[in-house]
Amino acid sequence: MRVLLMGAGGVGTAISRIAARRTFLTHVTVADHDLSRAEAAVTALGPGETRFDAVRADASDEAAVSALLSRGGYDVLLNATDPRFVMPLFRAALDAGTYYLDMAMSLSYPDPERPHEQCGVRLGDAQFELADAWRAADRLALVGMGVEPGLSDVFARHAADELFDEIEEIGVRDGANLTVDGYEFAPSFNIWTTIEECLNPPVVYEEGRGWFTTEPFSEAEVFDFPEGIGPVECVNVEHEEVLLMPRWLRARRVTFKYGLGEDFIGKLKTLHALGLDRTEPVTVPGPDGPVRVSPRDVVAACLPDPATLGDRMSGKTCAGTWVKGTRNGAPREVYLYHVVDNEWSMSEYGSQAVVWQTAVNPVVALELLATGAWKGAGVLGPEALPARPFLDLLTAYGSPWGMREQ
């Protein structure tokens, strides 16, 4: 399998380190708008790894990426950029006739009149609008195949297939006890994406009502996370799972809640109040005259790169899916989860826990596609494919998952 990996940030670099240990890949090109980042990701694999090379590529240039895919004879475009670049890369892969895989879906846009009651443009809508074209081309676009979304969706499919007869609610719950020494505020994941998902109106799904929105940070609850993380307050945020799971799985309710903590929520609210979460450029003075700049990009530039924080981080991160329903006529609740200890991911791969946990899942998915264990055409989420092969292979990667009866 020949893969074009777009994006050499924290997740892209971790993907290259995980993929280098697997034999199913014949060639991987790491591409980034900053050639030095792509080269650094490849160089870190060592001189003996000849299957990887680096190129400069602009993820916003759809035609150029399509030409690169065709010229290189790639089988798959793996998108490890931020969600702003989903659609040009998605269309480039379709145009070039390759498969496509991403970890975050096309952007949403709130309803202009009732943003906290009804959906406007939903996450992934732009991609699903092209589903017929992907099916006609007999090509697969596997969307939302990171950890959340991604592994969380696989857990939901596993629950539906093997653990429950009827499902009342599926609730993705994410929490951590990670700390970063030396920083008062240092998010462990891309701040651009974090602002997007946390400050947009959260989406909830209910059978009979469909998808609807609520106020940001709504429905606070304390969830007890496993393996020593403990209780963390979680709140509703916008996330792809809520838009994906009801397309293939039957549940009366689907939610996503993130353990952000009071301090983090307060800082996000302040950014919003000041307009610093905006993506639309504003004009600011510059040494050579006025400059147009996005406030959110300024915030991102002022914060440390999450990929560089591993040596200062300690603790664990947990991604998981809580499911409530019935089995053999009796009520049942389970929490299916995946925990990564930062000390382990740094010592084993040199990648901090959050980016490593995101990165391992698309590599597992690629291997399942390469072996034929996963197959399909059109635009599919992870829950559209059988869960057991994925969970078995994830364990074989040295990263076991767990299940707790609630």
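Everything here concerns the structure above.
For the structure given in this document, a descriptive report is provided here.

Cut-off values and rules
Residues numbered from 1 in each chain as written. Predicted model: local features only at pLDDT ≥ 70, side-chain atom pairs only at ≥ 80, totals over all residues. Heavy atoms only, no water. Helix = DSSP H or I, 4+ residues; strand = E, 2+ residues; numbered from the N terminus. Rg over C-alpha atoms; globule rule 2.2 N^0.38 Å. Buried < 20%, exposed > 50% of the residue type's maximum accessible area, 1.4 Å probe, protein only. Contact = heavy atoms within 4.5 Å. Lys, Arg positive; Asp, Glu negative; His and termini not counted. Charge placed at Lys NZ, Arg CZ, Asp CG, Glu CD. Salt bridge = Lys/Arg side-chain N within 4 Å of Asp/Glu carboxyl O. Core = buried A, V, L, I, M, F, W, Y, C linked by side-chain atoms within 4.5 Å. Phe/Tyr/Trp six-rings, centres within 6.5 Å; stacked < 30°, edge-to-face > 60°.

So, on to the overall build of the protein. The number of helices and strands found in the protein is 14 helices and 20 strands. Its C-alpha radius of gyration of 20 Å places the protein within 12% of the 22 Å reference for a compact globule of 406 residues. For the protein, the spread of C-alpha atoms along the principal axes amounts to about 60 × 50 × 45 Å. Across the 406 residues in the protein, those meeting the buried criterion constitute 56%. Considering only residue pairs separated by 6 or more positions, the protein has 71% of its internal contacts joining residues 24 or more positions apart. Here the protein contributes 35 positive and 59 negative side-chain charges, whose respective centroids are spaced 3 Å apart.

Overall, the coordinates contain 27 salt bridges when judged by the stated rule. Residue Glu221 pairs with Arg173 through a salt bridge whose shortest N-O separation is 3.1 Å. One end of the pair, Glu221, is in strand 11 (residues 221-225); the other, Arg173, is in strand 7 (residues 166-176), with 48 residues separating them in the sequence. Salt-bridge contacts for Asp392 lead to Arg388; the nearest nitrogen and oxygen are separated by 3.4 Å. Of this pair, Asp392 and Arg388 both sit in helix 14 (residues 387-396), four residues apart, which is roughly one turn of the helix. Since its relative accessible area comes to 32%, Arg388 is described here as partly exposed.

Our next topic: the nonpolar core. Ranked by internal contacts, the top residues of the largest apolar core, which has 90 residues, are Ile15, Val30, Ile170, Leu260, Trp374 and Phe390. Looking at which element gives the most residues to this core, the answer is helix 13 (residues 353-371), with eleven residues. Setting aside residues up to four positions removed in sequence, Ile15 forms contacts with Leu5, Leu78, Ala80, Met103, Ala359, Pro362 and Val363. One finds Met6, Ala31, Val86 and Val143 within the second-largest nonpolar core, a separate group that totals 25 residues.

Moving on to the packing of aromatic side chains. Evaluated as defined, the whole model comprises 16 aromatic pairs. Between Phe185 and Phe264 the ring centres are 5.4 Å apart and the planes differ by 65°, which places this aromatic pair in the edge-to-face class. Placement of Phe185 in the loop between strand 8 (179-180) and helix 8 (191-199) and of Phe264 in helix 10 (residues 262-273) is noted, with a sequence separation of 79 residues between them. With respect to burial, Phe185 and Phe264 carry one shared label: buried. When the ring of Trp344 is compared with that of Trp356, the centres are 4.9 Å apart and the planes differ by 85°; the resulting orientation is edge-to-face. Of the two residues, Trp344 sits in helix 12 (residues 342-349) while Trp356 sits in helix 13, which places them twelve residues apart along the sequence. The class for Trp344 is partly exposed, based on a relative accessible area of 31%.

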